[in-house]
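Remarks on the overall topology
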Protein chains: 2
Amino acid sequence: MTIEDTRTPASGQTGTNGVNPESRDGEPQEAGKSIGWHKAYVEGSRPDLRVPVRQVHLTNGQSVTLYDTSGPYTDPTADTDVRRGLAPLRESWITARGDTEEYAGRPVRPEDDGIKHTSPRGGLRNLDAVFPGRPRQPRRSRDGQAVTQLAYARRGEITPEMEFVAVRENVSPEVVREEIAAGRAVLPANVNHPEIEPMIIGKRFLVKVNANIGNSAVTSSIEEEVEKMTWATRWGADTVMDLSTGRNIHTTREWVLRNSPVPIGTVPLYQALEKVDGRAEELTWEIYKDTVIEQAEQGVDYMTVHAGVRLPYVPLTANRKTGIVSRGGSIMAAWCLAHHKESFLYENFEELCEILAAYDVTYSLGDGLRPGSIADANDEAQFAELRTLGELNRIAKRFNVQTMIEGPGHVPMHKIKENIDLQQEICDEAPFYTLGPLTTDVAPAYDHITSGIGAAMIAWWGTAMLCYVTPKEHLGLPNRDDVKTGVITYKIAAHAADLAKGHPGAQEWDDALSDARFEFRWEDQFNLALDPDTAREFHDETLPAEPAKTAHFCSMCGPKFCSMKISQDIRREHGGSRAEIEEGMAQKSKEFADAGNRVYLPIAD
Amino acid sequence: MTIEDTRTPASGQTGTNGVNPESRDGEPQEAGKSIGWHKAYVEGSRPDLRVPVRQVHLTNGQSVTLYDTSGPYTDPTADTDVRRGLAPLRESWITARGDTEEYAGRPVRPEDDGIKHTSPRGGLRNLDAVFPGRPRQPRRSRDGQAVTQLAYARRGEITPEMEFVAVRENVSPEVVREEIAAGRAVLPANVNHPEIEPMIIGKRFLVKVNANIGNSAVTSSIEEEVEKMTWATRWGADTVMDLSTGRNIHTTREWVLRNSPVPIGTVPLYQALEKVDGRAEELTWEIYKDTVIEQAEQGVDYMTVHAGVRLPYVPLTANRKTGIVSRGGSIMAAWCLAHHKESFLYENFEELCEILAAYDVTYSLGDGLRPGSIADANDEAQFAELRTLGELNRIAKRFNVQTMIEGPGHVPMHKIKENIDLQQEICDEAPFYTLGPLTTDVAPAYDHITSGIGAAMIAWWGTAMLCYVTPKEHLGLPNRDDVKTGVITYKIAAHAADLAKGHPGAQEWDDALSDARFEFRWEDQFNLALDPDTAREFHDETLPAEPAKTAHFCSMCGPKFCSMKISQDIRREHGGSRAEIEEGMAQKSKEFADAGNRVYLPIAD
């Protein structure tokens, strides 16, 4: 494999000319400020297979390669324009397979954007907002056969997408193919979303993080949502779910999809409900199906489907402390009760499988009955639905549809393991995708933390992807800072789990940072940090001067008490190996005393 | 038991006249703003045994009683003055025992405040800073016998301190006595710190949180440290460690102790090192002992003693990634190497026990060789020291000295349980007191979170007290906001562990908050939150108007998609119990349809 970097030959010195993740927000790079990383690409077996990485250049001449989700936006050689969208990286791979074809597609209607026929503005779309990028026609399976990565994997084919993730995860392509074929991993990649850099979700791979964005009836705009998506991926979000519920829902999604380097997930039910003016009982299978096709044609990579909320389970929630807290779950429960009928999602699940298989949309089978409080964790309603999700998973696999399973929610620590163990057993090891879980209810404004605890644990035990929770959970819509805090918190949980699982190579990152810490290479510590900007800012609050970044102490202990300094002195004074130290210790002790017994730097009084 | 509240009869209506935790910072209470809690006291078997609690008044007329660490500062009927110090609550209990006596005490010397004889200002103390409060003489054991809660508990005596914590923890006094007698819990309460509200640290009780404060050579002042202490306890810190290392170290501690309602811990080694101008090799047992006595006379409740860092263990750290990261550990290692002698703390441990027993200072046996990186976790150096701590624990118990054991550090999740299991086995179930552990090294600026994850887990498995980590760990000194963030994060970890351990009553708090959430009682949610101010602020960012706080929806979903609302409708429409629901569902379904099938509030388009 070769690594191609994005630095121009003229400015190729290490550690000074990579791209600053902040610099594309209009904040000028500070002159003379060392930028210690840059975007690079690892080339696979063919020139059009270029896997992005983040190369961190250390001041000791070494470099560390980190997984990178930020897309072309952090590549100074890439020409990006949100009005044009990203380049369709996968297009040639998709067309080369010859199993899909373009077609006219479903016409976009005003109600797709939540413009109601009863509105005074009825029939008019917000044309200013329509995505102006390259014209495109949707694509689907040519003959109704599944065009999914699962179908290919089962046939023994290693697709370019599979090779891409193999390079990204540093495993063999055959491992990727095997895990997908066994249903233990998914590679969400709609044929209508050729812009993505493929990624994989499965317990044998790095734990992934999803960030939710989405405007609501109360607030936010298209621009904000696109910006939140690029912002979330810049900090490490592996996928993004667009949960918009208000106006311009179709158009917002188009902008997000055309500009997203990561798979996009949705909950089609939210949009379907908009089309019936929020009246759950007016939902029909036809309206829902039409919405799924609309979104599949746009390129949505995975869809949350709450098909496990069955009529007989609704009464199981009656005595719960917090009832049904999933929006999709409560909508389906209301529909079931209004009609006293089995869920139309459950009843039509096979037809839905056929649709998803024709675009390679991945199922994310929703946990509509997840617990919304500690009191409701692991109850009968929750596990009844899980058993149905196991049944649906097997049906989806028959149709060659990739499938993952969503999980809770609010769960105290001692009840977390039962969730992943049961899910793995019931759902034949399909990837588990959990929201937290939150380990206590008492800390609104800190639910990124209450849930980060549960997320780390459940990921250690086998959960493949974590849906982030921001500090605004239960209180309001996340802003830019909240999105960043949520993503960073969940990257911590995911990486802590990668370490605990013994994922090959995971600890190299920790080791590199700890080496930098021990050797007082402050700039390297910052550049290796999950959030270099905040780490640098916190350090500079107490010791702002430039020399402090090369100082062999920090503000916690000051120069006299620095334990790292003392440890270094011990190592320097007493040689490298334990045998040497033990052997020579008495002698060294004498020399140490002769040399003035200084383990601290003298400082001015 | 009776509950005595702090509200005056004239303004006794619920939820409007408790004390606002913010209001004592000079921020005026907003007129008309509902303050939903107040300080109250639960009286024990005698009138001078008044256990503080936080009574949260709900808008539905109920109230919730929460553990309270904030001291008299949140009691509007208490007359507090930091220049005078808190009232000596325990004084009559201590004197009534008749086993201690006042004595002249050790004279305070300039070097106690870090004023060096070689300094131009040598010999002058900062007299302006000297604590002006009531004159006091130190007190110690009358006859050299142990005056410790452990000695009393072993003799079968239930002290007022034990009864106080029994009320606080809602257990019987006999349970408290048994746990202390068995060495499974400590009740840190120096006879010279009569101001504290007693608390207990042990795995059968609520998990406790310690907050570190302390000026350093680089920054901060006496006033800041006292303010940080009261601020930390206001948000829930159960103990505070004063880790000051700079000037005015004695005087700062005096101010902190006289104003602290919680036990204060220190690391005497830091001050001893100041007395020898930072030259570790010049430390002697005499200087150390003098410092311990100085601090015991002031009233320090527990002391970290790094007596487990033995000479033969130092070479075990030579090949570590990050050497010795404990300040105390590295100082002792440097001393051992400089002299090529066994640690003077280890050698003189029995004499140290006699001193601590005479004041009831609790040991916190320091883990000087704790791992400072993921790579170094659970290594030979760490566990060699732990075995020595087990040996020292047994010696301390012979002298009737209460003892807890400090733990790491940086530990990946899969290696955490071994730490607590080994510690409990080796140290005869003495309380474990851990710093985190941090579950990854890669997130400087977020180490409250990397460590909050490990803290919650290790507490679930039996750790009795958690030492907080702030966002500034590894980067700088925590400011006021960092202290609050650290305490709140660790209260989350502690409470999550209480839930997971099934601590009686722990879940009532979550249940009350979840009930409020389900019923859209926003003010109750805020008032029950660990941090009401931030919860309210986050909510108001999106929906600031007062009516939004009674709205039956929130900004996440808006009025149409609210799952809580739908769940409520389901419950209302379909009766309470599952049998009723199942029986009547078909009929109800018809009525529901007849009534217009409205599960959402109609809203303006």
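About the cut-offs
- Residues numbered from 1 in each chain as written.
- Chains lettered and ligands numbered in written order.
- Predicted model: local features only at pLDDT ≥ 70, side-chain atom pairs only at ≥ 80, totals over all residues.
- Heavy atoms only, no water.
- Helix = DSSP H or I, 4+ residues; strand = E, 2+ residues; numbered from the N terminus.
- Contact = heavy atoms within 4.5 Å.
- Pairing = 2+ DSSP bridges.
- Axes fitted to C-alpha atoms, helices over the stretch in contact; angles between N-to-C directions.
- Buried < 20%, exposed > 50% of the residue type's maximum accessible area, 1.4 Å probe, protein only.
- Right-handed = clockwise from strand over helix to strand, strands pointing away.
- Expected span 1.5 Å × (residues − 1).
- Lys, Arg positive; Asp, Glu negative; His and termini not counted.
- Salt bridge = Lys/Arg side-chain N within 4 Å of Asp/Glu carboxyl O.
- Polar contact = N/O pair within 3.5 Å; in protein donor to acceptor, adjacent residues only side chain to side chain.
- Phe/Tyr/Trp six-rings, centres within 6.5 Å; stacked < 30°, edge-to-face > 60°.
- UniProt positions renumbered as here; feature names shortened; annotations may be inferred.

The number of helices and strands found in chain A is 20 helices and 16 strands. Contacts in chain A between residues far apart in sequence, at least 24 positions, make up 72% of those at least 6 positions apart.

Attention shifts here to the sheet that holds strand E15 (residues 432–435) of chain A. Across a sheet, paired strands are connected by hydrogen bonds in the backbone, their directions being either parallel or antiparallel. All names here are of chain A. On the basis of which strands lie adjacent, the closed barrel formed by eight strands has the order E9-E10-E11-E12-E13-E14-E15-E16 and parallel pairing. Averaged over all pairs of adjacent strands, the angle between strand axes in this sheet comes to 25°, irrespective of strand direction. Alignment of strand E11 (residues 264–266) against strand E12 (residues 302–305), held across two bridges, turns out to be parallel. For Thr-266, the partnering residue across the bridge sits in E12 and is Met-303. Contacting strand E13 (362–365) and strand E14 (403–407), helix H12 (residues 380–398) runs over the sheet at an angle of about 165° to E14.

Residues and elements named next belong to chain B. Pairing within the closed barrel is parallel, and its eight strands lie in the order E9-E10-E11-E12-E13-E14-E15-E16. For this sheet, the mean angle separating the axes of adjacent strands, direction not counted, is 25°. In the sheet, strand E14 (residues 403–407) pairs with strand E15 (residues 432–435) via three bridges, with the strands oriented parallel. Note on E15: the bridge partner recorded for Ile-405 is Phe-432.

Residues and elements named next belong to chain A. The omega torsion of the bond from Pro-408 to Gly-409 falls at 5°, within 30 degrees of zero and hence cis. Of note, the phi angle at Asp-428 is positive, near 50°, even though the residue is not glycine. Assignment of secondary structure puts Asp-428 in the loop between helix H13 (416–426) and E15. For Ala-445, which is not a glycine, the phi torsion comes out positive at approximately 90°. Mapped onto the secondary structure, Ala-445 falls in the loop between E15 and helix H14 (447–460).

To continue, consider the pairing of E15 of chain B. Residue and element names in this part refer to chain B. Here E15 shows no split at all, with Phe-432 and Thr-434 on one side and Tyr-433 and Leu-435 on the other all buried. Between the parallel pair E14 and E15, the chain is carried across by helix H13 (residues 416–426), and the sense of this crossover is right-handed. In this view, the connection linking E15 to its parallel neighbour strand E16 (residues 465–467) by way of helix H14 (residues 447–460) has right-handed handedness.

We now examine helix H15 (residues 480–500) of chain A. One turn of the α-helix equals 3.6 residues, which is why residues spaced by three or four share an orientation. Residue and element names in this part refer to chain A. The first and last C-alpha atoms of H15 sit 30 Å apart over 21 residues, in line with the 30 Å expected at 1.5 Å per residue. Among the 21 residues of H15, 18 are classified as buried, and the element is accordingly described as predominantly covered. Gly-502 sits one or two residues past H15 and shows a positive phi near 70°.

This next bit is on the side chain of Glu-406 of chain B. All names here are of chain B. With respect to the helices and strands, Glu-406 occurs in strand E14. Arg-370 provides the closest opposite charge to the buried, unpaired Glu-406, separated from it by 5.0 Å. Side chain to side chain, Glu-406 and Thr-304 meet in a polar contact 2.5 Å long. Engagement of the side chain of Glu-406 in a polar contact is seen with the side chain of Ser-364, the distance being 2.6 Å. For Glu-406, the contacting residues outside a window of four places in its chain are Thr-304, Ser-364, Leu-365, Gly-366, Asp-367, Leu-389, Phe-432 and Tyr-433.

Looking now at the environment of Trp-37 of chain A. Residues and elements named next belong to chain A. Within the secondary structure, Trp-37 is located in strand E2 (residues 37–43). Take Trp-37: its relative accessible area is 3%, and that puts it in the buried class. Sequence separation of Trp-37 and Ala-318 is 281 residues, and the distance between their C-alpha atoms is 54 Å.

All right, on to the packing of aromatic side chains then. All names here are of chain A. In total, this model carries 20 aromatic pairs over all chains according to the counting rule given. Ring geometry for Phe-131 versus Trp-255: centroids 5.2 Å apart, planes at 85°, classification edge-to-face. Taken together, the residues Phe-131 in the loop between strand E5 (100–102) and strand E6 (139–141) and Trp-255 in helix H6 (residues 249–258) connect sequence positions 124 residues apart. A relative accessible area of 9% places Trp-255 in the buried class.

What follows concerns the UniProt feature "binding site: Zn(2+)" (unreviewed entry) in chain A. Per the UniProt record, "binding site: Zn(2+)" (unreviewed entry) is annotated on His-410 and His-474 of chain A. Considering the C-alpha atoms alone, the annotated residues occupy 65 residues of sequence yet fold into one spot, their largest mutual distance being 12.2 Å. Summarising the element assignment, His-410 of chain A is placed in the loop between E14 and H13. Overall, the relative accessible area of 5% leaves His-410 of chain A in the buried class. When residues no more than four places from it in sequence are discounted, the contact partners of His-410 of chain A are Pro-371, Gly-372, Ser-373, Ile-374, Ala-377, Leu-438, Asp-441 and His-474 of chain A together with Arg-517 of chain B. Tracing the backbone through its elements, the reader meets His-474 of chain A in the loop between strand E16 (465–467) and H15. Among the polar contacts made by the side chain of His-474 of chain A, one reaches the side chain of Asp-447 of chain A at a distance of 2.8 Å.

Turning our eyes to something else, we now look at the pairing of strand E3 (residues 50–57) of chain B. Residues and elements named next belong to chain B. For E3, the buried fraction is high: seven of the eight residues fall into the buried class. Bridge count for strand E2 (residues 37–43) against E3 is seven bridges, and the pairing is antiparallel. Looking across to E3, one finds that Lys-39 is bridged to Arg-54. Turn length for the E2-E3 hairpin, with the two strands adjacent in sequence and antiparallel, is six residues.

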